[in-house]
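# Reading the structure
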Amino acid sequence: MTVKKVDLGHEVFANCYVLIDEKTGESAIVDPAYFNEKIATVFKDAGVGNLKYILLTHGHFDHILGVHGLKEATGAKVVIHKDDADFLLDPDKSLANGNFPEPQIPVEADITVSDGDELFLGDEPIRVISTPGHTMGSVCYELENDRVLITGDTLFCMTAGRTDLYGGNESMLIESLKRLIALDGDYRVLPGHNRETTLERERARNWYIRRMVK
Ligand SMILES: [Zn+2]
Ligand SMILES: [Zn+2]
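Please read all numbers here as calculations on a predicted model, not as lab measurements. (Residues numbered from 1 in each chain as written. Chains lettered and ligands numbered in written order. Predicted model: local features only at pLDDT ≥ 70, side-chain atom pairs only at ≥ 80, totals over all residues. Heavy atoms only, no water.)

Take the coordination of the zinc ion (ligand 1) next. Every protein donor of the zinc ion (ligand 1) is accounted for by Asp62 (OD), His63 (NE2), Asp153 (OD) and His193 (NE2), and the metal-donor separations fall at 2.0 to 2.4 Å. The motif formed by the donor residues of the zinc ion (ligand 1), counted along the single chain, is D-H-x89-D-x39-H. Between the two metals, the zinc ion (ligand 1) and the zinc ion (ligand 2), the spacing is 3.5 Å, and Asp153 donates to both. On the criterion of sequence distance, the pair formed by His63 in helix 2 (residues 61–64) and Asp153 in the loop between strand 10 (148–152) and strand 11 (155–156) is long-range, its members being 90 residues apart. (Donors = N, O, S within 2.8 Å, 3.2 Å for Na, K, Ca; no water. Helix = DSSP H or I, 4+ residues; strand = E, 2+ residues; numbered from the N terminus.)

Encoded structure:
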């Protein structure tokens, strides 16, 4: 599977990733924070043709504000954990109010996922790992065959997501991080903000993880 970060052109937006199964051309976009014609071209240039899924790591505005437009333009299925699905309908939950120049347009989830669910691009599985804490419905997406973990605002390079927003819970975040670091072997970690890292590096150096395992 090809995995690429695409630049949506604004620092407030979360990292947006494109996943493409080379064999079938089926693709997914993770956390599109913005969408317009210019960004449609950015996705096209990144190789997105047959868009199957819009995968959301959680429901915050900086990850979802492009969902409505992208779904309208492509007919792709919107995927989010069941506990964050109502963020797509409610700017008070997504924190879209006052944080962004454009209003949130409500959009229904097409597929609400739970821990252990699998989605496929061609034959390539994308496994959902439920990692509540930053929000109740935060998830990571594991691309097992490529050893990639897309971590949203749960695990970042050297730190972890905040837990003081609506639905946040620190003890749940700690349990979620424990679960991630207990995965076998190394992974390329693609977080929702800042730069990419690896699971091995975060096991060793992440200050939040080091503090919580003491
Ligand atoms: Zn974020
Ligand atoms: Zn967030």
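Six octahedral donors around a metal ideally make angles of 90 or 180 degrees; four tetrahedral donors ideally make 109.5 degrees. Only His58 (NE2), His60 (ND1), His134 (NE2) and Asp153 (OD) from the protein reach the zinc ion (ligand 2) as donors, at distances of 2.1 to 2.4 Å. Around the zinc ion (ligand 2), the four donor atoms sit at angles spanning 89 to 170°, and that spread fits a shape best called irregular. Here the donor residues of the zinc ion (ligand 2) share one chain and are spaced in sequence as H-x1-H-x73-H-x18-D. Given a relative accessible area of 3%, His60 falls into the buried group. (Tetrahedral: all angles 85-135°; square planar, octahedral: opposite > 155°, others 65-115°. Buried < 20%, exposed > 50% of the residue type's maximum accessible area, 1.4 Å probe, protein only.)

The next thing to look at is the sheet that holds strand 1 (residues 2–6). Taken in spatial order, the six strands make up an open sheet running 1-2-3-4-5-6, and their pairing is mixed. In this open sheet, the two edge strands, each paired with only one partner strand, are strand 1 and strand 6 (111–113). Adjacent strand axes in the sheet meet at a mean angle of 25° when their direction is disregarded. In terms of strand pairing, strand 2 (residues 16–20) meets strand 3 (residues 26–30) through four bridges, oriented antiparallel. By the bridge assignment, Ile20 is partnered in strand 3 with Ser27. Strands in contact with helix 3 (residues 67–74) are strand 3, strand 4 (50–55) and strand 5 (77–81); relative to strand 4, the strand with the most contacts, it is inclined by about 155°. (Pairing = 2+ DSSP bridges. Axes fitted to C-alpha atoms, helices over the stretch in contact; angles between N-to-C directions. Contact = heavy atoms within 4.5 Å.)

Here the focus is the nonpolar core. With 25 residues, the main nonpolar core has Leu8, Ile29, Phe43, Ile54 and Leu56 as its most contacted residues. For this core, the elements supplying multiple residues, two or more each, are strand 2, helix 1 (37–45), strand 4, helix 3 and strand 5. Those residues within four positions of Leu8 in sequence are excluded, and the remaining contacts are Phe13, Cys16, Pro32, Ala33, Tyr34, Ile39 and Phe43. (Core = buried A, V, L, I, M, F, W, Y, C linked by side-chain atoms within 4.5 Å.)

Tallying each qualifying case throughout the model produces eleven salt bridges. We note a salt bridge from Glu170 to Arg211, for which the minimum N-O separation is 3.3 Å. Placement of Glu170 in helix 5 (residues 170–181) and of Arg211 in helix 7 (residues 207–213) is noted, with a sequence separation of 41 residues between them. (Salt bridge = Lys/Arg side-chain N within 4 Å of Asp/Glu carboxyl O.)

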